[in-house]
2 protein chains.
Amino acid sequence: MKIAVVIPAAGMGRRMGTSQPKQYLALAGRPLICHTLERFKTCESVVVVVEPERVELFRREILGTHDFPREWHVVAGGPERQDSVRNGLEYVPNTCDVILVHDGVRPLITFALIQTVTHKAFDAGAAIVAIPTRDTIKRGVEGFVSETIDRTHLWQAQTPQAFRADIIKKAFAAAYRDNFSGTDEASLVERIGVPIALVQGSDWNIKITTPEDLIIAESLVKQFPLLCKEGSGEVER
Amino acid sequence: MKIAVVIPAAGMGRRMGTSQPKQYLALAGRPLICHTLERFKTCESVVVVVEPERVELFRREILGTHDFPREWHVVAGGPERQDSVRNGLEYVPNTCDVILVHDGVRPLITFALIQTVTHKAFDAGAAIVAIPTRDTIKRGVEGFVSETIDRTHLWQAQTPQAFRADIIKKAFAAAYRDNFSGTDEASLVERIGVPIALVQGSDWNIKITTPEDLIIAESLVKQFPLLCKEGSGEVER
């Protein structure tokens with residue numbers, strides 16, 4: 001099985017309140033994005049999507065300085081995340097069987113979870129890492145609760161989201177044909193009728209978008225050996 | 001304005017995988033529940049709800065040893081959280097104007113947020129602390145995604161949830177009359193037609209239910225001065 005990963009890392013990180021986009025902030029001594037990239041070193045093909053003006057800088061300062069393979073693709077993103085992933089997909093070789101999409105700012109993903117979601121996608125067509133929602137979810141309109149969402153079997157989607165190559169390509173083509181935009185890749189695949197398998201993720205697999213998240217990640221990354229024992233990916237419910 | 005707080009702390013903490021329930025595990029050198037109790041020292045009335053067999057132990061080992069007012073109520077919980085809160089409500093003096101309900105295992109709540117949600121409830125009748133959902137939410141059935149929930153204006157409910165005293169009492173009476181159970185107190189109040197105001201919470205205000213959460217809380221508690229500057233409670237959307 002040949003595996004490709006597309007890593008959108010073009011977010012501006014406005015919520016972080018720093019001049020540096022969040023993916024370049026230091027985590028345990030090196031840029032956050034390096035931790036993420038490290039997890040995908042065994043992939044056949046790696047495509048990182050960054051802001052158009054950062055493509056050259058990224059090749060030199062991230063891939064070059066931190067000793068990543070020079071043949072990895074660094075490509076220019078689009079206005080929205082979905083556009084960035086679409087651009088990235090164009091650089092995936094046709095020989096790849098499974099394509100993963102993983103947030104650049106989720107550095108605490110484990111090899112075990114990547115493997116589980118990849119195999120599940122190869123078997124089932126599509127699979128995503130997700131965790132059961134622990135909080136009560138409300139819909140709010142103009143500062144007031146309008147609805148409590150029935151919490152039965154709610155999951156919070158994480159990444160990686162993994163798909164057989166033909167399926168994700170078909171889903172993206174359909175979405176752009178129909179002018180559909182989704183908040184994750186799976187939602188594009190759902191609408192072409194492919195069932196998405198759920199793989200039990202980890203509370204550690206956080207998305208770093210605020211200064212608090214970075215503090216949290218700093219403490220978690222020190223526990224990485226413990227983390228790597230977890231997240232076998234079995235769905236319990 | 002006189003304020004009471006009911007603090008359900010009767011969870012068995014099965015997810016924590018320890019022999020001690022999670023609320024008694026050490027956080028920065030003292031039991032987690034002590035951090036939570038500390039935040040409500042200015043309340044007129046404090047009612048802590050614990051497992052029936054722990055009532056005496058809690059009075060002695062937590063209130064006694066850690067120097068909390070002896071007049072605080074420690075009462076026996078029921079089979080479910082809602083039953084525990086109902087038991088706690090019976091010990092709130094009739095003189096209180098606003099009743100807060102706050103999870104025993106959310107120690108990182110700030111005074112500022114407690115104040116904001118309390119005042120909002122006094123004005124509007126009911127208010128809850130909540131944060132906008134950052135993840136895509138899916139419904140899952142038997143290991144597969146059945147639906148992507150429209151993410152527009154979704155919030156994750158936290159605590160405190162705050163209510164004018166007459167309103168929460170009426171809501172609980174109605175829920176038990178109709179045999180209704182909800183996953184939070186606000187859902188009981190919503191069904192009697194009272195609008196619930198949203199107060200912007202904080203990512204730091206985590207609920208500690210797993211070993212990872214405890215690691216995260218350990219790192220956040222060290223940053224407490226920074227934390228206390230945040231969470232003014234303004235709703236941005």
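Residues numbered from 1 in each chain as written. Chains lettered and ligands numbered in written order. Predicted model: local features only at pLDDT ≥ 70, side-chain atom pairs only at ≥ 80, totals over all residues. Heavy atoms only, no water.

J.: Help me understand the environment of Q20 of chain A, please; the structure alone is not making it clear to me.
T.: All names here are of chain A. With respect to the secondary-structure elements, Q20 resides in the loop between β1 (3-8) and β2 (26-27). A relative accessible area of 35% means that Q20 is categorised as partly exposed. Sequence-wise, Q20 and E80 are 60 residues apart; in three dimensions their C-alpha atoms are separated by 19 Å. Beyond its immediate stretch of four places on either side in the chain, Q20 contacts L25 and R54. (Helix = DSSP H or I, 4+ residues; strand = E, 2+ residues; numbered from the N terminus. Buried < 20%, exposed > 50% of the residue type's maximum accessible area, 1.4 Å probe, protein only. Contact = heavy atoms within 4.5 Å.)

J.: Honestly, helix α4 (residues 111-124) of chain B in this entry has me stumped. Any pointers?
T.: Every α-helical turn comprises 3.6 residues, leaving residues that sit three or four positions apart pointing alike. Residue and element names in this part refer to chain B. With 14 residues, α4 should cover 20 Å at 1.5 Å per step; its first-to-last C-alpha distance of 20 Å lies within 8% of that length. Among all positions in α4, only L113, I114, V117, T118 and A121 are buried. Projected onto a plane normal to the axis of α4, the buried residues spread over an arc of 130 degrees and lie on a single side. Looking at α4, the residues exposed on the side facing more than 90 degrees away from the buried face are Q115 and D123. Tucked inside the fold, the buried residues of α4 contact β1 (3-8), β6 (98-101), β7 (126-132), β10 (154-164) and β11 (197-200). Positive backbone phi, approximately 105 degrees, marks G125, located one or two places after α4. (Expected span 1.5 Å × (residues − 1). Arc of directions from axis to C-beta.)

J.: Before we go on, may I ask you to explain the interface of chain A and chain B in this structure?
T.: Accessible area lost during the coming together of the parts is what is often quoted as the interface size. Facing 51 residues of chain A, the contacting portion of chain B comprises 51 residues. A buried area of about 4,200 Å², summed over both sides, lies between chain A and chain B, and 53% of it is on carbon and sulfur atoms. When the buried surface of chain A facing chain B is broken down by residue, R134, K138 and E212 of chain A rank first, second and third, together holding 14% of it. At the boundary of chain A with chain B, the tally comes to 10 salt bridges. The closest approach of N and O atoms between D150 of chain A and R139 of chain B, which form a salt bridge, is 4.0 Å. Across the chain A-chain B interface, the total number found is 31 residue pairs in polar contact (both at pLDDT 80 or more). Of all the secondary structure elements, the ones that give two or more residues to the side of chain A that touches chain B are β8 (137-141), β9 (144-148), β10 (154-164), α6 (185-190), β11 (197-200) and α7 (211-221) of chain A. Counting residues per element, the side of chain A that touches chain B draws most heavily on α7 of chain A, at six residues. Taken together, the residues that form the side of chain A that touches chain B break down as 20 nonpolar, 14 polar and 17 charged. (Buried area = accessible area lost by both parts, 1.4 Å probe. Salt bridge = Lys/Arg side-chain N within 4 Å of Asp/Glu carboxyl O. Polar contact = N/O pair within 3.5 Å; in protein donor to acceptor, adjacent residues only side chain to side chain. Nonpolar A, V, L, I, M, F, W, Y, C, P; charged D, E, K, R; others polar.)

J.: Explain the pairing of β10 of chain B to me, please; I cannot follow it from the model alone.
T.: Along any regular strand the residues' side chains alternate between the sheet's two faces. Residue and element names in this part refer to chain B. Counting buried positions over the 11 residues of β10 gives 10, a clear majority of the element. Pairing of β6 with β10 involves four bridges; the strand directions are antiparallel. When the bridges of β10 are listed, I99 appears paired with F163. Two elements, β7 and β10, share six bridges in a ladder whose sense is antiparallel. When the sheet's bridge partners are listed, I131 is paired in β10 with Q156. (Pairing = 2+ DSSP bridges.)

J.: Just to check I follow, could you spell out the packing of α7 of chain A against helix α7 (residues 211-221) of chain B for this structure?
T.: Two elements in contact, α7 of chain A and α7 of chain B, have axes whose closest approach is 9 Å; the angle formed by their N-to-C orientations is 125 degrees. As judged from the angle between their axes, α7 of chain A and α7 of chain B are oblique. The element α7 of chain A and its partner α7 of chain B pack so that their crossing is right-handed. Mapping the contact onto sequence places I215, I216, S219 and L220 of chain A in α7 of chain A and I215, I216, S219 and L220 of chain B in α7 of chain B. In terms of residue class, the contact of α7 of chain A with α7 of chain B is made up of six nonpolar, two polar and no charged. (Axes fitted to C-alpha atoms, helices over the stretch in contact; angles between N-to-C directions. Parallel < 35°, antiparallel > 145°, perpendicular 65-115°, else oblique. Left-handed = near helix turned anticlockwise from the far one by under 90°.)

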